[in-house]
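The lines below spell out each chain.
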Amino acid sequence: MNILVCISNVPDTTSKINFKEENTAFETQGVQFIINPNDEFGLTRAVWFQQKVGAKVTVVNVGDASCEPILRKCLAIGADQALRVDLQPKDGFEVATQLAAICKKESYDLIITGRESIDYNGGMVGGMLATLLEIPYVANCIQMDIASDEVSVQREIDGGKESLSATLPLVIGAQKGLVEEKDLIIPNMRGIMQARQKPLEVVPPEAAAPASKVQAFEKPAEKGPVKLVDAEDIDGLIDLLENEAKVL
Amino acid sequence: MAVVVYIESENGTPKKAGLEVASYGRALADAHGVSLVAVGFNLTDHERLNVFGVDKLYNIDTQGGVHFDVERYSEALAQVATKVSASLMVVSSSADGRYIGPIVAIKTDAAYMSNVVGLPSQYGPLQVKRTCFTNKAFNETQSTKERVVLSLSSNSYGLHEKPGTAEVLSGDYPVSSNSLKVESVEKATDKVSIADADIVVSGGRGLKGPENWHLIEDLADVLGAATACSKPVSDMGWRSHSEHVGQTGKPVASNLYIAIGVSGAIQHLAGINASKVKVVINSDPEAPFFKAADYGIVGDAFEVVPVLTEKLKARMQ
Ligand SMILES: Cc1cc2nc3c(=O)[nH]c(=O)nc-3n(C[C@H](O)[C@H](O)[C@H](O)COP(=O)(O)OP(=O)(O)OC[C@H]3O[C@@H](n4cnc5c(N)ncnc54)[C@H](O)[C@@H]3O)c2cc1C
């Protein structure tokens, strides 16, 4: 089985978000980058399939050279090889287009993207990639098992979950649940050493245009101070929620 | 030319998210001087769509299919959009809405923009404001394609009535083969989901253990609210993962968010910040949540919450 895991390079969840160039670009100075958490859940499941059924795991990132450290980290976690499409993408459509080109060169049985990236929150790469490849997509995937060609997956839906049967090839949008937090693999010294020897290939991008572009960023307005209500004065809180905030 | 909206439904009745999308679609259609075309599946109770100014409803009969079927629904939406020459398509930001949006965008050669928080700031080329960095920022995004699929953040536009009469058309757009098959759906039918809720009551590690969750559930019951929790609470198995909210869990955009025994870590706040009014109940006055909240009580949840629940119950009667 051939698995492709699509990896996005995102700011650490504790990062302060700031913008530069008159609010047209994200300020990366001082920001630590990590594997997008949803992608990491997906990668961990892929490594599980590698260990259980000998699947080959390739990770791919569409990004510039600054993304290589996280690809090395993916290799240290257990991926067999890495690809980097050398392009600083402008939107999710552009990423999906580049990934589709990769998937047409080599056939993958299972393609894993994250549910969404935690920076642009576009939530579109998996669905677009699957549709470009004319194969099915399962969003918000919280469980997946494969027995020969039979795939069973679970999708988180609003207020519950849905169990589906599917066939390969398939694209899934990974999130927590696919593996648990405790299953995440912290690379050990051996993994890190091995990762240095594993192939990381830089692929030139296909000619393709984005479908949208960010014109400007903006930070939310500063919030006023909290109105504190005494713990004895519950009526006071109810009154504020009812008559001031008008939410009851 | 037309604006096409996808009306989500439950047991044949449009959901609130579907009505909000219709309402928003009406405003877009008026701005363009075009008609508003709604696409729904197996709707039995579609009169409510008249209230929100839908001109035409394609009520698609999936011949007994009761579950959301991404392959069939996306194909139907794409075909209707093509038939009526839609320039704009709108879906909600529910799990199903976000699922189908990017797929329809590729099928119709459209751009896709998620988490849209208001009417476009510009038409032609279309430009919208959307949230990014999990609610830590916004961006203005402009389409470079002629057609656009928008996914509207819930509760960001609201319901605006504009009575009319929708012409109802039927039809079916079967797909040649379904590779995905829904085997079963598990859903609590007696509880509102976080995505649909106007009010969300959320508990953190401060509640000390799962045995104390009646505090959260009782309060939620009185308010008709959904229940949620912080990440460690779901990681420890006190509550199901489906209740985990925040940057790596579900996003919340309710009208009222009540956080009890939640410290207000940056990753938690990021996910719930889109809620309009935030209330915190926490024994530690230094808890970061107080900086993000509108109203707060410094106090012991075990004392404050039962009183709040009782008083609200009395008030409702
Ligand atoms: C990559 C990453 C992603 C993350 N994503 C998320 C996410 O999506 N969602 C999320 O929630 N967290 C997330 N976290 C975790 C986050 O950093 C915090 O650890 C977590 O939100 C804390 O949960 P808590 O508020 O329940 O617990 P704590 O931080 O332990 O806070 C408990 C609070 O309860 C209060 N308390 C104690 N006793 C009482 C009492 N009797 N009455 C009233 N108050 C009381 C305390 O004062 C304290 O403020 C993430 C972390 C990382 C590293």
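The rules we used
Residues numbered from 1 in each chain as written. Chains lettered and ligands numbered in written order. Predicted model: local features only at pLDDT ≥ 70, side-chain atom pairs only at ≥ 80, totals over all residues. Heavy atoms only, no water. Helix = DSSP H or I, 4+ residues; strand = E, 2+ residues; numbered from the N terminus. Rg over C-alpha atoms; globule rule 2.2 N^0.38 Å. Buried < 20%, exposed > 50% of the residue type's maximum accessible area, 1.4 Å probe, protein only. Contact = heavy atoms within 4.5 Å. Areas by Shrake-Rupley, 256 points an atom, 1.4 Å probe, with all protein chains shown as cover. Lys, Arg positive; Asp, Glu negative; His and termini not counted. Charge placed at Lys NZ, Arg CZ, Asp CG, Glu CD. Phe/Tyr/Trp six-rings, centres within 6.5 Å; stacked < 30°, edge-to-face > 60°. Patch = residues over 30% accessible without salt bridge, like charges linked within 9 Å, V, L, I, M, F, W, Y side chains within 5 Å. Salt bridge = Lys/Arg side-chain N within 4 Å of Asp/Glu carboxyl O.

**Student:** What exactly am I supposed to notice about the overall build of chain B here?
**Tutor:** Within chain B, the regular secondary structure consists of 9 helices and 17 strands. Against the 2.2 N^0.38 benchmark of 20 Å for 317 residues, chain B shows a C-alpha radius of gyration of 21 Å, consistent with a compact globule. When the backbone C-alpha atoms are referred to their principal axes, chain B occupies close to 60 × 40 × 40 Å. Within chain B, the proportion of its 317 residues that are buried is 59%. Long-range contacts, defined as pairs at least 24 residues apart, comprise 63% of the intrachain contacts of chain B with a sequence gap of at least 6.

**Student:** Any chance you could explain the overall build of chain A here in plain terms?
**Tutor:** The secondary structure content of chain A amounts to 6 helices and 15 strands. Counting only C-alpha atoms, chain A reaches 65 × 45 × 40 Å along its principal axes. With 248 residues in all, chain A has 55% of them scored as buried. The long-range share in chain A, meaning contacts at least 24 apart out of those at least 6 apart in sequence, stands at 69%. Looking at chain A as shown, the accessible area adds up to about 11,000 Å², and 49% of this sits on carbon and sulfur atoms. Computing the positive centroid from 24 side-chain charges and the negative centroid from 37, chain A places the two 6 Å apart.

**Student:** Is there a simple way to think about the packing of aromatic side chains in this case?
**Tutor:** Aromatic ring pairs are reported here in terms of the distance separating the ring centres and the angle at which the planes meet. With the rule as written, the count across this model stands at 17 aromatic pairs over all chains. Measuring from centroid to centroid gives 5.6 Å for Y120 of chain A and F133 of chain B, while their planes differ by 50 degrees, and the two rings are tilted. Note that Y120 of chain A is positioned in the loop between β8 (110–114) and α4 (125–133) and F133 of chain B in the loop between β8 (127–132) and β9 (137–143), a pairing that runs across two chains. Overall, Y120 of chain A belongs to the partly exposed group, its relative accessible area being 33%. Geometrically, the ring pair formed by Y24 of chain B and Y157 of chain B is edge-to-face, given 5.3 Å between the ring centres and 80 degrees between the ring planes. Within this pair, whereas Y24 of chain B is found in helix α1 (residues 16–32), its partner Y157 of chain B is found in the loop between β10 (148–152) and β11 (167–171), the two being separated by 133 residues in sequence.

**Student:** Honestly, a negative patch on the surface in this entry has me stumped. Any pointers?
**Tutor:** Taken together, the side chains of D230, E232, D233 and D239 of chain A together with D300 and E303 of chain B make up a negatively charged region of the molecular surface. Mapped onto the fold, D300 of chain B is located in the loop between β17 (295–298) and α9 (301–316).

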